[in-house]
Amino acid sequence: MSYFINDEVMIDFQVSKTMQEMFDLAEKYDREKNHAYYQVADMIDVMAKNAYANSSITREQWDIIVNRYEI
């Protein structure tokens, strides 16, 4: 069971290496119940917005990402 992350939402698509590293860091902070999670989640939100603007991910994928890593 996660502390911050919405476990009901799963990411089943490819993302950039940098975004995956941010996911991994968010998962680490979630396990540690570290409130630095919120800074990482905010960065994930910005990265997802930029990836959508660059057509690297779809709008649906952006929604999935921000729903899993809620701020």
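Cut-offs applied
Residues numbered from 1 in each chain as written. Predicted model: local features only at pLDDT ≥ 70, side-chain atom pairs only at ≥ 80, totals over all residues. Heavy atoms only, no water. Helix = DSSP H or I, 4+ residues; strand = E, 2+ residues; numbered from the N terminus. Buried < 20%, exposed > 50% of the residue type's maximum accessible area, 1.4 Å probe, protein only. Salt bridge = Lys/Arg side-chain N within 4 Å of Asp/Glu carboxyl O.

Peer 1: I tried to follow unusual backbone geometry on my own but got confused; where do I start?
Peer 2: For residues besides glycine, phi is generally negative; the peptide bonds are generally trans as well. For K33, which is not glycine, the phi torsion reads 55° and is therefore positive. With respect to the element layout, K33 can be found in the loop between α1 (17–32) and α2 (37–53). One non-glycine residue with positive phi stands out, namely S55, at about 65°.

Peer 1: Which parts of the structure should I look at to understand the side chain of R68?
Peer 2: Following the sequence through the fold, R68 ends up in helix α3 (residues 59–68). A residue is classified by how much of its surface remains accessible, and R68, at 7% relative accessible area, is buried.

Peer 1: Help me understand the pattern of salt bridges in this model?
Peer 2: Should the charged atoms of two oppositely charged side chains come close, the side chains can pair. This model, assessed by the stated rule, comprises 4 salt bridges. A salt bridge links D7 to R68; the nearest nitrogen and oxygen atoms lie 3.8 Å apart. Here the residue D7 occupies a position in the segment before α1, and R68 occupies one in helix α3, the gap between them amounting to 61 residues. Taking the relative accessible area as the measure of exposure, D7 reaches 39% and is therefore partly exposed. Of the charged contacts, one joins R68 and E27 as a salt bridge, the two residues approaching to 3.0 Å between their closest N and O atoms. With R68 in helix α3 and E27 in helix α1, the pair connects residues that are 41 residues apart, well separated along the chain. Salt bridges sharing common partners tie together D7, E27 and R68.

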